[in-house]
Amino acid sequence: MKAKPRMQVRRCIHVSGIVQGVGFRPYVYRLAVAQRLAGQIANTATGVVIEVQGSPESVDDFLQRLPKEAPPLALITGLDVLEIGLNGDSEFRILPSERSEAVRTLIPPDIATCEDCLRELFDPADRRHLYPFINCTNCGPRFTIVRSIPYDRPQTSMAIFPMCSRCRAEYEDPRNRRFHAQPNACWDCGPQVELWDAQGKLVLCRDPVAEAAAQLKSGAVVAVKGLGGFHLAVDATNIEAVRRLRTRKHRVEKPFAVMVPNPETVEQICELDAYDRDLLMRPERPIVLARRKDSGGIPAEVAPFNRFLGVFLPYTPLQHVLFAESQLHAMVMTSGNLSEEPIAIDNSEAVTRLTGVADYFLVHNRQILRRCDDSVVRRVGGQVRQLRRSRGFVPVPVFLRKNFPATLAVGGELKSTICVLKGNEAFLSQHIGDLENVEAYKFFQESVEHLQKILEVRPSIVAYDLHPDYLSTRWALAQSELKTVGVQHHHAHIASCMAENHLEGRVIGFAFDGTGYGTDGRIWGGEVLLADYLDFDRAAHLTYVPLPGGSAAIREPWRVAISHLWAAFGFDLLKLPIPFLHQIRQSKILTILQMMDREVNSPLTSSCGRLFDAVAALINLRHEINYEAQAAIELEMCRDEAFAGQPYPFSIDESGGILQVDSRPLFRAIVEDLRHGATAGKVSQRFHDGLVEVLVRVALILRGRTSLNSVCLSGGTFQNAYLATRLEKLLREMRFDVFTHSQVPAGDGGLSLGQAVVAAYRQC
Ligand code: ZN
Ligand code: ZN
Ligand code: FE
């Protein structure tokens with residue numbers, strides 16, 4: 001008797017997400033072969049389509065394992081399975097890609113060199129031993145080398161390097177780790193490194209990386225070409241070199257990031273727990289803010305007045321080799337630019353722009369097509385917070401709950417990003433910077449074009465901030481063919497928090513930051529909104545105070561301190577026996593008072609950032625700043641954590657419809673403390689606790705009025721880890737549902753997401 005043929009099934013699986021250019025097809029091939037399945041896999045316009053045929057158990061196992069064991073760079077967002085008819089397949093095949101009209105797959109982000117490649121990099125027997133461009137489907141450049149889609153070698157800056165026969169064989173072998181690794185290359189066929197001197201002339205030497213390493217060791221400033229732009233590197237333990245870099249780069253006190261060869265060395269420099277270690281090791285290799293150890297050997301000049309240090313690990317083979325050659329303990333790796341300009345990406349551009357800054361240039365001939373700064377993250381409570389979302393994260397979208405009409409959002413002015421909404425995906429650009437800078441504004445315009453191009457979408461709606469002077473606003477309003485939608489700054493902050501948390505309905509939104517244009521034409525920044533995606537009501541805010549001198553007061557926090565003292569004491573402030581007043585010339589104070597009294601150039605503000613500034617100035621921590629939010633950051637850093645004093649008082653005026661959070665009691669209490677010689681640390685601690693306490697009271701009053709229970713925290717102020725953690729904790733204790741950011745920055749880097757969602761909702 002013939003044996004009964006074993007039962008077979010065939011299923012078709014459609015997978016969407018980031019599944020091309022990340023080693024997905026070889027992965028599926030290996031998995032199918034391991035499960036003894038026949039069938040095929042093909043890239044399509046919307047992802048990959050797999051057909052598998054075999055015993056029901058094997059097919060089920062395959063489906064179980066498919067998402068779980070996917071390659072590190074793959075991101076599966078949809079998996080649809082269909083039962084289909086059997087055919088005569090007896091093996092599993094990878095079908096060639098079809099060129100489709102509407103290619104709709106996602107370009108992967110740039111990813112740090114993987115463990116396998118690192119092993120080969122330092123293996124003297126490997127043919128890529130010390131080759132600074134080693135990569136595979138699990139690692140290497142992506143977004144920064146893509147000219148247009150589909151993501152294929154001819155569309156990247158690797159197009160000019162024809163693969164040698166050995167590289168091509170790897171590239172074409174579905175079982176190889178380099179199958180369709182678009183930047184695949186080796187010593188024989190790929191990009192090469194050169195060392196140039198300060199004038200951009202080739203330095204003749206046997207090994208340019210070793211020579212650069214030697215120069216770094218002797219204290220030189222070396223511009224090193226990275227993934228998304230040039231870094232300026234110096235030995236981080238060499239005080240003279242760090243000072244030289246500060247002077248040449250015109251960067252007075254803003255902290256430098258430090259690249260450290262491995263996690264063990266990071267632990268000598270910073271206090272790390274398991275969570276921080278995970279953050280550092282993420283394939284995106286972000287800069288992680290970690291608490292520095294005094295004994296770590298990194299001089300204070302690297303990050304003055306800061307308890308934290310931005311640390312990160314090497315993420316390109318070139319950086320790894322540079323560390324291996326130099327044996328340096330840590331390198332300052334700061335963006336290759338002058339103060340607030342965008343980072344340089346082109347070899348000759350770098351030489352021109354960094355003249356007088358860099359002593360040497362370690363360059364190579366693989367072009368960077370998209371500028372992309374390092375990302376910065378910080379752990380707040382048990383969550384990762386994005387401070388700057390850029391390399392490694394872009395262009396991974398934020399996935400939304402529903403589909404929207406295609407929308408472009410142009411963000412704010414400082415730390416700007418843009419966003420393109422397409423279907424249920426929101427694509428934020430990399431960090432663009434401060435648009436008032438000419439180069440950054442050019443970069444903004446390029447980013448608008450490029451993002452639309454790689455997403456193959458032409459939105460007909462553009463969302464912008466209400467601030468009439470923002471360059472992004474002016475740009476949006478000049479687009480006559482687009483429908484323009486203005487979105488209030490703090491509403492956009494709250495909407496971005498709602499969007500990434502998939503919230504619907506109305507929330508109590510705390511939007512606290514430095515500056516945002518209000519619907520009454522004033523400068524808002526300490527706002528509590530009752531908001532949904534469509535609209536908002538202003539429910540509470542910090543009381544208005546004058547900002548004497550407008551933007552001058554942002555650079556000079558002492559002016560805001562005078563303003564708050566004037567609000568609390570009137571002209572009697574002049575008699576207060578506090579050290580602060582003795583440090584400022586009386587004539588300057590009188591000028592400021594006169595300005596405010598006559599309402600000359602003294603716009604009103606409810607800014608929370610300025611409240612931090614005022615406190616920082618009043619305790620003589622910082623009268624003038626030289627980078628954005630410096631006073632607020634230093635006020636957070638100087639908290640006396642061991643001190644358990646009473647929170648400072650604020651009062652809440654409930655008489656009008658909108659709650660007014662009055663800071664006059666706060667300033668009276670601080671002055672009282674200062675008269676008794678309180679330390680800056682104690683004042684800072686009581687201030688933080690006082691602010692948290694009054695915000696909880698506001699939330700309770702608003703819940704009483706509205707029955708709303710969901711609270712969103714957004715705006716740059718919530719990058720203050722203590723404030724955010726403490727407020728979240730106390731609100732949870734009061735049984736609020738609290739939502740914050742983890743995918744996009746709480747600051748203005750996340751603004752474009754909120755703008756896009758609000759504008760799109762208004763079209764639905
Ligand atoms: Zn690799
Ligand atoms: Zn090759
Ligand atoms: Fe803001």
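Every value quoted in this text rests on a predicted model; they were computed, and no experiment measured them.

Quick look at the domain arrangement of the chain now. Along its sequence, the chain is carved into domain 1 (9–102), domain 2 (193–376) and domain 3 (541–739). Spacing between the C-alpha centres of domain 2 and domain 3 amounts to 36 Å. On the side of domain 3, 10 residues touch domain 2, which itself brings 9 residues to the contact. Of the roughly 820 Å² buried where domain 2 meets domain 3, counting both sides, 45% is carbon and sulfur surface. Our enumeration of links across domain 2 and domain 3 arrives at 3 salt bridges. Taken together, the links from domain 2 to domain 3 amount to 7 residue pairs in polar contact (both at pLDDT 80 or more). Looking at the side of domain 2 that touches domain 3 residue by residue, the classes come out as 4 nonpolar, 1 polar and 4 charged.

Moving on: the state of the cysteines. In protein chemistry, a disulfide is the covalent bond that joins the sulfur atoms of two cysteines. Going through the model one piece at a time under the given rule, you end up with 0 disulfides. The closest cysteine sulfur to the non-disulfide-bonded C372 is located on C419, 15 Å from its own sulfur. Left without a disulfide partner, C712 is nearest to the cysteine sulfur of C497, which lies 3.8 Å away.

Position of L674 relative to the elements: it lies in helix α20 (residues 664–675). As for L674 and V81, which are separated by 593 residues in sequence, their C-alpha atoms are 69 Å apart. Residues in contact with L674, not counting those within four places in the same chain, are I578, L618, I619 and V683.

Turning to the sheet that holds strand β3 (residues 47–54), a few remarks are in order. Read from one edge of the open sheet, 5 strands run β4-β1-β3-β2-β5, paired in mixed fashion. A strand with exactly one partner marks an edge of an open sheet, and here the two such strands are β4 (75–84) and β5 (92–94). When strand polarity is set aside, the average angle formed by the axes of neighbouring strands in this sheet is 15 degrees. Inspection of the sheet shows strand β1 (residues 9–18) paired to β4 by 9 bridges, in the antiparallel sense. Paired with C12 across the strands is L82, a residue of β4. Lying over the sheet, helix α1 (residues 24–34) contacts β1, β2 (38–44), β3, β4 and β5, oriented at roughly 175 degrees with respect to β5. The strands that helix α2 (residues 56–68) touches are β1, β3 and β4; relative to β1, the one it contacts most, it runs at about 5 degrees.

Calculation rules
Starting afresh in each chain, residues are numbered from 1 along the sequence in its written order. Lettering of chains starts at A and numbering of ligands starts at 1, both following the order in which they are written. With pLDDT at 70 or above as the cut-off, local features in this predicted model cover only qualifying residues; side-chain atom pairs require 80 or more to be listed or tallied, and sums for whole chains, interfaces and linings still use all residues. Remark: hydrogens and water are excluded; side-chain values derive from all non-hydrogen atoms of the structure. The domain limits used here are those given by an automatic or database domain assignment. The contact criterion used is simple: two residues touch if any of their non-hydrogen atoms lie within 4.5 Å. Put simply, buried area is how much 1.4 Å-probe accessible surface two parts lose in total, over both of them, once they are put together. A side-chain nitrogen of Lys or Arg and a carboxyl oxygen of Asp or Glu constitute a salt bridge if their distance falls within 4 Å. Pairs of N or O atoms are called polar contacts if they sit within 3.5 Å, as long as, within protein, a hydrogen donor faces a hydrogen acceptor (for residues adjacent in sequence, only side-chain-to-side-chain pairs). Just so you know the grouping, Ala, Val, Leu, Ile, Met, Phe, Trp, Tyr, Cys and Pro go in nonpolar, Asp, Glu, Lys and Arg go in charged, and all remaining residues, Gly too, go in polar. In this description, a disulfide is simply a cysteine sulfur pair whose atoms lie within 2.5 Å. Secondary structure elements follow DSSP: runs of H or I no shorter than four residues count as helices, runs of E no shorter than two count as strands, and numbering proceeds from the N terminus. In short, DSSP must find at least two bridges between two strands for them to pair. Note on method: axes are straight lines fitted to C-alpha atoms, helices fitted across the in-contact stretch only, with angles between N-to-C directions ranging 0 to 180 degrees.

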